Amino acid sequence: MTPTQLIERFYHEVWNRADEALAHEILAPDFRFRGSLGPEKRRVDGFVDYMRAVHAALGGYTCTILEIIEQGERAAVRLRFAGVHRGPFFGVEATGREISWAGAAFFGFAEGRIEELWVLGDVDAVKAQLGAAGA
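Scope of this entry: the structure provided in the associated data block. All values reported here derive from a predicted model rather than from experimental measurement. Starting from 1, residues in each chain are numbered consecutively following that chain's sequence as written. Owing to the predicted nature of the model, reporting of local features is limited to residues with pLDDT of at least 70; listing and counting of side-chain atom pairs is limited to 80 or more, with chain, interface and lining totals taken over all residues. Excluding hydrogens and water, the side-chain figures rest on all heavy atoms present in the structure.

Looking at the pattern of salt bridges
Inference 1: The term salt bridge refers to a pairing of a side-chain nitrogen on Lys or Arg with a carboxyl oxygen on Asp or Glu at a separation within 4 Å. The full count for this structure, using the stated rule, is seven salt bridges.
Inference 2: Put simply, Arg52 and Glu20 hold a salt bridge, and the shortest N to O gap is 2.7 Å. You can see Arg52 sitting in helix α3 (residues 43–57) and its partner Glu20 sitting in helix α2 (residues 20–26), a full 32 residues away along the chain.
Inference 3: Type-normalised accessible area, obtained with a 1.4 Å probe on protein chains alone, sets the label of each residue: buried when under 20%, exposed when over 50%, and partly exposed for intermediate values. Residue Arg52 is classed as partly exposed on the basis of its relative accessible area of 44%.
Inference 4: Arg52 is the partner of Asp49 in a salt bridge, and the nearest nitrogen-oxygen pair spans 3.7 Å. By definition, any uninterrupted DSSP run of H or I lasting at least four residues is a helix, any uninterrupted run of E lasting at least two residues is a strand, and each is numbered from the N terminus.

Here you go:
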């Protein structure tokens, strides 16, 4: 599977469908993940915990790929994230608002799996939409 195919499966199936079994299949066992919504996570189970928390806070959470730039064992992705605020998020109780924000992700691959991922999301836009203090 090419890096682009892995990225598409990661977002369409792992994130958008919360497919934990596929996460264990396409992520390296020592996967390193740094999301803009929290601390660095290690291993597949650490990422799955993060994914569960995001889905609990945001109903219908989706990641939409806008662009992928692939170069060897590295790739960059431009994204749009969206969901309905249904649980505590950035210290704000559920508002029922649909929120969305832009982001970018940087992937590293090894042995046909995703080895590392660093995501930068527009956290200020999220906080402003939620009416969070300090937004």
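Quick look at the packing of aromatic side chains
Inference 1: Put simply, two rings from Phe, Tyr or Trp (the six-membered ring, in Trp's case) pair if the centres are within 6.5 Å, and we call them stacked under 30 degrees between planes, edge-to-face over 60, tilted for the rest. Throughout the structure, instances matching the rule amount to 18 aromatic pairs.
Inference 2: Measuring from ring centre to ring centre gives 6.3 Å for Tyr61 and Trp101, while their planes differ by 40 degrees; the resulting arrangement is tilted. Here Trp101 lies in strand β5 (residues 98–110) and Tyr61 lies in strand β3 (residues 58–71), a separation of 40 residues in the sequence.
Inference 3: Since its relative accessible area comes to 5%, Trp101 is described here as buried.
Inference 4: Between Phe89 and Trp101 the ring centres are 6.5 Å apart and the planes differ by 45 degrees, which places this aromatic pair in the tilted class. With Phe89 in the loop between β4 (74–85) and β5 and Trp101 in strand β5, this pair connects stretches of sequence that are 12 residues apart. With respect to class, Phe89 is no different from Trp101; both count as buried.

A short note on the sheet that holds β4
Inference 1: Two strands form a pair only when DSSP identifies at least two bridges running between them. Pairing is mixed across the open sheet formed by six strands, whose spatial order is β2-β1-β6-β5-β4-β3. Two strands close off the open sheet at either side, each with one partner strand: β2 (41–42) and β3.
Inference 2: Most of the contacts of helix α1 (residues 3–17) go to β3, to which it runs at about 175 degrees, and overall it touches β1 (27–34), β3, β4, β5 and β6 (113–121). Two residues form a contact once any of their heavy atoms are found within 4.5 Å. In this description, a line fitted to the C-alpha atoms serves as the axis of each element, helices being fitted only across the stretch in contact, and the angle between N-to-C directions of two axes falls anywhere from 0 to 180 degrees.

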